[in-house]
Amino acid sequence: MSYRLHIGPNIRKSPYFDATVRDGVATFSVYNHMFIPGNFGDPEAEYDRLLNGVAMWDVAAQRQVELHGPDAGALAQYLTPRNLDATKVGQGRYVPICDHDGHLINDPVLQKLSEDRYWLSIADSDLLLWTKAIAHERGLNVAVQEPDVSPLAIQGPKAEDVTAALLGDWVRDLKYFWFREVMLDDMPLLVARSGWSKQGGFELYLRDARFGTALWDRVKEAGAPFGIGPGAPNDIERLESGLISYGADMRHQTHPVTPFEMGFGKMLDLDGPHEFVGKPALRALRESGQTRRRTGLVLDGAPVAGNEHPLPLFHEGKEVGFAAEIAFSKRLGKNIGVGLVAVDLPTGTTGLSVALAEGPRTVTLADLPFA
């Protein structure tokens, strides 16, 4: 059975949408109410470019929540249990965000543009609405909005060379998660050393959607000598690297998790003076101890096609967790995945299984990352 994609006004298009269609996008998904490319027709070649060359991704669906005003810093700190005191202008921070019960509702990168302006570069959820509500309930003097900002990622071992060819050798000195605001011709950009892969790279945050096709073409031109090609955030590489995917690994509506279960415990400042959403609940969770932990999974048998929803994990007939996402890694020669299991099951535990549509598969726990 085949399906066709309906393009309607209820789902937004990226500023790079027309360029990706012109350059052969084959599939789209929806992220933050926006179309995001899934692949360009040759997933193996796109994976190879990411690991051995360089790829360019339309990740404009990675929307920004902007905090601007005298209380922007206070709101940013109240949203996350991570202590932001040492964060400098030009620096990004990975910040777990929890609800009042201590469950994760997003894991954005916070970027400090100035003392009174911050961006939250969010995963797939309506964090804008949450943030506006928190700001109003606390009576903070801050404007919360979605700015005209659309990231384009350059990822892979040759990403630094491409970005330097485009913008200059100063990018080679940019530290991980740090950024600089620059102009490329008439295009205003925020350039960050970041991206959703472990292969290294940069994200160009375009600050004027009118230049979407122009920026795409400039990156394509600068990357041509290095063999650049279009692609999309790669699920197989993210599993191999142990990267977290909000929406796949956890989603508040379907499989809520705590930051302790996802390995964020060392980021949380639960004993400091700062107040933040969920502080009492997180303290209580720390005292009671976590019951699940994040783990890698290896599934035996023939290559799997993947999964459309979390799959329960069983140990000797008892449900002990779930597989969040699974896929076949050709490079590793095995089916791999990530999920949550009971904390008392050590790596290497046998007797685990997961039920696929074609039948049960034996599962072994593994350390992350695989790669």
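Everything below is about the structure shown above.
Keep in mind it's a predicted model, so treat the numbers as computed, not measured.

Student: Talk me through the pattern of salt bridges; I want residue IDs and the actual numbers.
Tutor: Opposite charge on two side chains allows them to pair when their charged atoms are near. Taken as a whole and assessed by the stated rule, the structure comprises 25 salt bridges. A salt bridge links aspartate 217 to arginine 22; the nearest nitrogen and oxygen atoms lie 2.6 Å apart. Highlighted residues: aspartate 217 in helix 6 (residues 212-223) and arginine 22 in helix 1 (residues 17-22), separated in sequence by 195 residues. For aspartate 217, a relative accessible area of 29% corresponds to the partly exposed category. Since its relative accessible area comes to 44%, arginine 22 is described here as partly exposed. When salt bridges with common partners are traced through the structure, they connect Glu160, Asp161, Asp169, Arg172 and Arg193 into a single cluster.

Student: Please give an account of the sheet that holds strand 8 (residues 109-114) that cites residues and values.
Tutor: The strand order across the open sheet built from five strands is 5-8-9-4-10, with neighbouring strands paired in antiparallel fashion. One side of each edge strand has no neighbouring strand; the edge strands of this open sheet are strand 5 (92-94) and strand 10 (143-145). Between one strand and the next, the sheet's axes are offset by a mean angle of 20 degrees, whatever the strand orientation. Pairing of strand 8 with strand 9 (residues 117-121) involves five bridges; the strand directions are antiparallel. Each bridged residue has a counterpart across the sheet, and for lysine 112 the counterpart in strand 9 is tyrosine 118. Taken strand by strand, helix 4 (residues 127-137) contacts strand 4 (64-68), strand 9 and strand 10, and its axis lies near 170 degrees from that of strand 10.

Student: Describe in detail the packing of aromatic side chains, supporting the description with residues and values.
Tutor: As enumerated under the stated definition, the model contains seven aromatic pairs in all. Centroid distance phenylalanine 17 to phenylalanine 28: 5.1 Å. Interplanar angle 15 degrees. Geometry classified as stacked. Remark: phenylalanine 28 occurs in strand 1 (residues 27-31) and phenylalanine 17 occurs in helix 1; sequence separation between them is 11 residues. What makes phenylalanine 17 buried here is its relative accessible area of 9%. For phenylalanine 28, a relative accessible area of 21% corresponds to the partly exposed category. Three or more aromatic residues link up through ring pairs in this structure, and these residues are Phe17, Phe28 and Phe35. Cation over ring: arginine 138 sits above tyrosine 78, and NZ or CZ is 3.7 Å from the ring centre.

So, how was this worked out
Each chain carries its own residue numbering, running from 1 in the written order of its sequence. Thresholds applied to this predicted model are a pLDDT of at least 70 for local features of residues and 80 or more for the giving and counting of side-chain atom pairs; totals over whole chains, interfaces and linings are not thresholded and use all residues. As a convention, hydrogens and water are excluded, and side-chain values are obtained from all of the structure's heavy atoms. The term salt bridge refers to a side-chain nitrogen of Lys or Arg lying within 4 Å of a carboxyl oxygen of Asp or Glu. Comment: elements are numbered from the N terminus, with helices defined as DSSP H or I runs of at least four residues and strands as E runs of at least two. For each residue, the accessible area found with a 1.4 Å probe, counting protein chains only, is set against the maximum for its type, and the residue is called buried under 20%, exposed over 50%, and partly exposed in between. Paired strands, as defined in this entry, are two strands with at least two bridges between them according to DSSP. For helices, the axis comes from a line fit to the C-alpha atoms of the stretch in contact; other axes are also lines fit to C-alpha atoms, and the angle between any two N-to-C directions lies between 0 and 180 degrees. Contacts between residues were defined by any pair of non-hydrogen atoms, one from each residue, lying within 4.5 Å. The criterion for an aromatic pair is that two Phe, Tyr or Trp rings (for Trp, the six-membered ring) have centres within 6.5 Å, with stacked assigned to planes under 30 degrees apart, edge-to-face to planes over 60 apart and tilted to the rest. In this analysis the charged atom, NZ for Lys or CZ for Arg, is taken to sit over a ring once it is within 6 Å of the ring centre and within 35 degrees of the ring normal.

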